[in-house]
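# Close look at the chain arrangement
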Amino acid sequence: MAGEKDGKTEASAELSEERGETRKSEEPASEEALEAMRVCYQGFDPAAYLQFNYTPPRADFQRADSIVPWKLTCLHRAFTEGDVRGEVLVDVGSGPTLYQVLSGCEVFGRVVLTDFLEVNRCELQHWLADGSSSLDWTPYLEYVCQLEGRQPSESSEKAARLRSVVSDVLPIDVHRSCPLPPDVVALPTGGADCLVSCFCLESVSPDVAAFTRALGHISSLLRPAGHLLLIGALGESYYLGAPGLRIPVVPLDEAQVCASLRGSGFQLQQLSVYTLPADMRVGVDDVAGVFFAKARKL
Ligand SMILES: C[S@@+](CC[C@H](N)C(=O)[O-])C[C@H]1O[C@@H](n2cnc3c(N)ncnc32)[C@H](O)[C@@H]1O
């Protein structure tokens, strides 16, 4: 794990230098900057991350302006509009979370989860095996059941559905032109029918150019005309991946997200923005807002 240096991790300081005056933002991030990011992630603590981001007030199901209900509602709408369909859904950079596939698992016959870190893949595998997890996903399952017009008591059926359709939990590195391991046969030859990715690309990229390139890399996993549902942070420069571990994030604005999608061969179909209410700023990051983008691969 990277050490502390003036309240920042060394990886964070190194990345700040990478973003400094001597380097133009359009130049590719160096392999050293990407490696510093990978090193930084070695200190990621799934249980702490879940506690920081997926409990109240950020996951308050009684409040319509809470961030998690907003995300679940965006995903529910996208997966029920009728045009996002097919057989295989891939979640890029799942982390230790499952909320992002709770709607998609009803539409797709096969769901592939992915993450860079083994600790996160283990967290997901535990839940898939026996429901054990650092976070109780029941309120999430109940909330999405309600969005679908079902009774909250049907959450155990939804959990069973999710377990039955997740076929793989794979390692991934979005900075590689082929992000999945070469021997993986989980995807159809032409690519998946849909990708979902939440808070991954901007949280692992040293600058906007790296974010855009990562978008291009994950596009290679998607078939032409397939959909990308992308959720991410706006105006964020760091988040806590563990107590005291500030993971640098490339601060994005809406225009940059749109330009990166266009530049990576996507047609933007919808962009929604959520602004964080003051009481959701709980000291675990400096995020200003969240975007939800629905895009189609050209
Ligand atoms: C901010 S978390 C997002 C987790 C989850 N998707 C969510 O919505 O909360 C960023 C995730 O990116 C993963 N990650 C780190 N480096 C990566 C890389 N090079 N390629 C793909 N994922 C990476 C981390 O392990 C972590 O799970």
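Structure: see above.
The following refers to the structure shown. (Residues numbered from 1 in each chain as written. Predicted model: local features only at pLDDT ≥ 70, side-chain atom pairs only at ≥ 80, totals over all residues. Heavy atoms only, no water.)

### Examining the overall build of the protein chain
Looking only at helices and strands, the protein chain has nine helices and eleven strands in total. For the protein chain, the C-alpha radius of gyration of 18 Å lies close to 19 Å, the compact-globule estimate for 298 residues. Put simply, of all contacts in the protein chain between residues at least 6 apart along the chain, 72% involve residues at least 24 apart. A total of about 12100 Å² of accessible surface is found on the protein chain, and carbon and sulfur atoms cover 51% of it. (Helix = DSSP H or I, 4+ residues; strand = E, 2+ residues; numbered from the N terminus. Rg over C-alpha atoms; globule rule 2.2 N^0.38 Å. Contact = heavy atoms within 4.5 Å. Areas by Shrake-Rupley, 256 points an atom, 1.4 Å probe, with all protein chains shown as cover.)

### A few points about the site of the ligand
Inspection of the region around the ligand gives 22 residues, with Tyr49, Tyr54, Gly93, Tyr99 and Asp115 positioned closest. Here an oxygen atom of the ligand sits 2.5 Å away from a polar atom, N or O, in the side chain of Tyr49. Taking Ser94, its main chain carries an N or O atom lying 3.3 Å from a nitrogen atom of the ligand. When isolated, the ligand has an accessible area of 590 Å², and the protein chains bury 99% of it. With respect to the detected pockets, the ligand is housed in the largest cavity. (Near = heavy atom within 4 Å. Polar contact = N/O pair within 3.5 Å; in protein donor to acceptor, adjacent residues only side chain to side chain. 1 Å grid on protein atoms, 1.4 Å probe; cavity = no way out; pocket = protein on both sides within 12 Å on 5 of 7 lines; lining within 4 Å. Sits in = over half its atoms within 2 Å of the grid points.)

### Things to note about the side chain of Asp115
By the element assignment, Asp115 lies in strand β4 (residues 110–115). No salt bridge is formed by the buried Asp115; its nearest oppositely charged neighbour, Arg121, is found at 5.8 Å. A distance of 3.0 Å separates the side chain of Asp115 from the side chain of Asn120, its partner in a polar contact. Aside from chain neighbours lying at most four places away, what touches Asp115 is Gly93, Ser94, Gly95, Asn120, Arg121, Leu170, Pro171 and Ile172. (Buried < 20%, exposed > 50% of the residue type's maximum accessible area, 1.4 Å probe, protein only. Lys, Arg positive; Asp, Glu negative; His and termini not counted. Salt bridge = Lys/Arg side-chain N within 4 Å of Asp/Glu carboxyl O.)

### A look at empty space enclosed by the protein
Tallying each qualifying case throughout the model produces two cavities of 30 Å³ or more. Lining the largest cavity are 29 residues, and of these Tyr41, Gly93, Asp115, Cys200 and Val204 sit closest to its centre. When contributions to the lining of the largest cavity are tallied by element, the ones reaching two or more residues are α2 (31–40) and β3 (88–92). Grouping the amino acids of the lining of the largest cavity by side-chain chemistry returns 17 nonpolar, eight polar and four charged. Quantified by volume, the second largest cavity comes out at close to 190 Å³. Lining of the second largest cavity is provided by 15 residues; of these, Tyr49, Asn53, Arg58, Phe199 and Asp285 occupy positions nearest its centre. Put simply, the parts of the chain that give the lining of the second largest cavity at least two residues each are α3 (46–53) and α4 (67–80). For the lining of the second largest cavity, the leading source of residues is α4, giving three residues. (Points joined across faces, edges and corners; volume = space filled by probe spheres on them. Nonpolar A, V, L, I, M, F, W, Y, C, P; charged D, E, K, R; others polar.)

### Considerations on the layout of surface pockets
Looking at the largest pocket, its volume works out to about 160 Å³. Lining the largest pocket, in full, are Ser177, Cys178, Pro179, Leu180, Pro181, Pro182, Val184, Leu187, Pro188, Ser220 and Leu221. Residues of the lining of the largest pocket, tallied by class, amount to nine nonpolar, two polar and no charged.

### Focus: the environment of Cys105
Summarising the element assignment, Cys105 is placed in the loop between β3 and β4. For the pair Cys105 and Leu89, spaced 16 residues apart in sequence, the C-alpha to C-alpha distance is 8.2 Å. Sequence-distant contacts of Cys105, that is, excluding residues within four places in its chain, are made with Val111, Lys158, Arg161, Leu162 and Val165.

### Quick look at the pairing of strand β11 (residues 289–297)
Across a regular strand the side chains alternate sides, sitting on one face of the sheet and then on the other. With eight of nine residues buried, β11 lies mostly within the body of the structure. Relative to β11, strand β7 (residues 222–234) runs antiparallel, the two sharing eight bridges. Across the sheet, residue Ala233 finds its bridge partner in β11, namely Val290. (Pairing = 2+ DSSP bridges.)

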